[in-house]
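# Architecture at a glance
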Amino acid sequence: MSIEHAEFSDVTLPLGGQGTASDYFALLKPRVMSLVIFTAIVGLVAAPGHIHPWLGFITILCIALGAGASGALNMWYEADIDAVMKRTAKRPIPRGAIEPGEALGFGMTLAAGSVVMMGLLVNWQSAALLLFTIFFYVVIYTIGLKRFTPQNIVIGGAAGAFPPMVAWVAVTQSVDLGSIALFLLIFMWTPPHFWALALFREGDYEAANIPMLPNVAGRPETRKQILIYSLLLVPTVALPVLTGTAGLLYAAGAGFLTLVFLKAAVDIYRAPEGAVSDKACKHLFGFSIYWLFAVFSLILVERLLNLPVLM
Amino acid sequence: MTEIKAFTPEDLKRRRKRATVMAICLAALLVIVFITTVVKIYQAAHGVHV
């Protein structure tokens, strides 16, 4: 199913050119970047092998800059829909602080800089994967999927799942099963996280003509899909244990947290429409952020304490 | 003929600020490349695969 490009004849994008440092910083999507940095650090620490701490720092810096580049390029392309959505109307481009061309130049410079720096200073395998991640987020997700299919989040979620894999490759120079397990954790987490948001921000997405699942397939179907993906998260959360990346502490902690996640998804599925449903969605959305942080923290703690893995 | 507008004092102030930020970024890049080179030379000297 596809929805045609939105036309916003009543929306004007004022000329900018007055951007301050904080406006440029906002272009990097710092909140998304912080999650990217954290999951990348876990990938770096969990990977078997050794990397010099300085090169580890450079790896995280390059991944952070690549994530920032993706954010800037995303805001450049989505300036029209950002202007009509309440949540994004105050971003630097729709606010007129930065011109779209400036954001494009800034994003491209950061993208090229982060990839070249990763290649020259760390290794070209991780640089290639970083470049693919930026390409996937900007071209496949932002330009290709977001405005055309309600499955945008499912496929596009891969972009957010690559950072720990990039960091892993920086250490091992190869894509191992352990890195795929970390990738899948974020990949399977993304749909319920964003669909919970879309359920209580449905009006925003509708105003921008973005075919999010609730607008296209309806709220009951979205609630069902949230439950299905949350169920799929249960076997996925076991993968780091099965691939020899995590141990008992992770198994117990992540298992418990995933059951709480599943309970929140069941609550959404069962909740009657209205305020109760909105509350359940906000609860899952908030808890899902905590879940991702906690599950990756468990792996980080295990590796830092050098606890034994189970397999 | 194209009319060339002179920069206003505010324009100049903003350009100076941006140039300073760019200079700091380039200096930081230089430091990063230098330290990485030292680390890689050290690793190579101690037989660590880079």
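Residues numbered from 1 in each chain as written. Chains lettered and ligands numbered in written order. Predicted model: local features only at pLDDT ≥ 70, side-chain atom pairs only at ≥ 80, totals over all residues.

## A word on the confidence of the model for chain A
Note: predicted coordinates in regions of low pLDDT should not be interpreted at a detailed level. Residue and element names in this part refer to chain A. Summing up the model confidence of chain A, the mean pLDDT is 91 and the portion of residues at 70 or higher is 95%. Ranking the helices and strands of chain A by mean pLDDT puts helix α3 (residues 53-77) first, with 97, and helix α10 (residues 202-207) last, with 83. Every residue in residues 8-16 is under pLDDT 50, and counting partners more than four places away or in other chains gives 18 contacts. (pLDDT = per-residue confidence, 0-100. Helix = DSSP H or I, 4+ residues; strand = E, 2+ residues; numbered from the N terminus. Contact = placed C-beta atoms within 7 Å.)

## Some words on the confidence of the model for chain B
For chain B, per-residue confidence averages 87 on the pLDDT scale, and residues scoring 70 or more make up 90% of the total. The complex model carries a pTM of 0.89, and its ipTM stands at 0.81.

## Description of the interface of chain B and chain A
Each side of the interface is counted separately: chain B has six residues, and chain A has six residues. Residues belonging to the side of chain B that touches chain A are distributed by class as follows: four nonpolar, two polar and no charged. (Nonpolar A, V, L, I, M, F, W, Y, C, P; charged D, E, K, R; others polar.)

## As for helix α12 (residues 219-242) of chain A
Residues and elements named next belong to chain A. In this model α12 runs 35 Å from its N-terminal to its C-terminal C-alpha over 24 residues, within 8% of the 34 Å that 1.5 Å per residue would give. At Val 234, α12 is deflected by roughly 30°, the largest bend along its length, and proline Pro 235 occurs up to four residues later in sequence. Buried within α12 are the following residues: Thr 222, Arg 223, Gln 225, Ile 226, Tyr 229, Ser 230, Leu 233, Val 237 and Pro 240. Next to the buried residues of α12 lie α9 (177-200), α11 (213-217), α13 (248-270) and α14 (275-304). After α12 finishes, the residue Gly 244 shows a positive phi value of roughly 75°. (Expected span 1.5 Å × (residues − 1). Bend = angle between axes of the 7 residues up to and from the residue. Buried ≥ 20, exposed ≤ 12 C-beta atoms within 10 Å, placed from the backbone.)

## Here's the deal with the packing of helix α8 (residues 152-172) of chain A against α9(A)
Residues and elements named next belong to chain A. Two elements in contact, α8 and α9, have axes whose closest approach is 8 Å; the angle formed by their N-to-C orientations is 150°. In the packing of α8 onto α9, the handedness of the crossing is right-handed. The residues of α9 that touch α8, namely those facing Ile 153, Val 154, Gly 157, Ala 158, Gly 160, Ala 161, Phe 162, Pro 164, Met 165, Trp 168 and Val 169, are Gly 178, Ser 179, Leu 182, Phe 183, Ile 186, Phe 187, Thr 190, Pro 191, Phe 194 and Trp 195. Across the contact of α8 with α9, the residue classes break down as 16 nonpolar, five polar and no charged. (Axes fitted to C-alpha atoms, helices over the stretch in contact; angles between N-to-C directions. Left-handed = near helix turned anticlockwise from the far one by under 90°.)

## Some details on the nonpolar core
Ranked by size, the top nonpolar core spans 99 residues in total, and within it A:Ile63, A:Ala72, A:Leu130, A:Val166 and A:Ala196 carry the most contacts. For A:Val166, the residues in contact, after removing those within four places along its chain, are A:Ala40, A:Ile63, A:Ser126, A:Leu129, A:Leu130 and A:Thr133. (Core = buried A, V, L, I, M, F, W, Y, C linked by C-beta atoms within 7 Å.)

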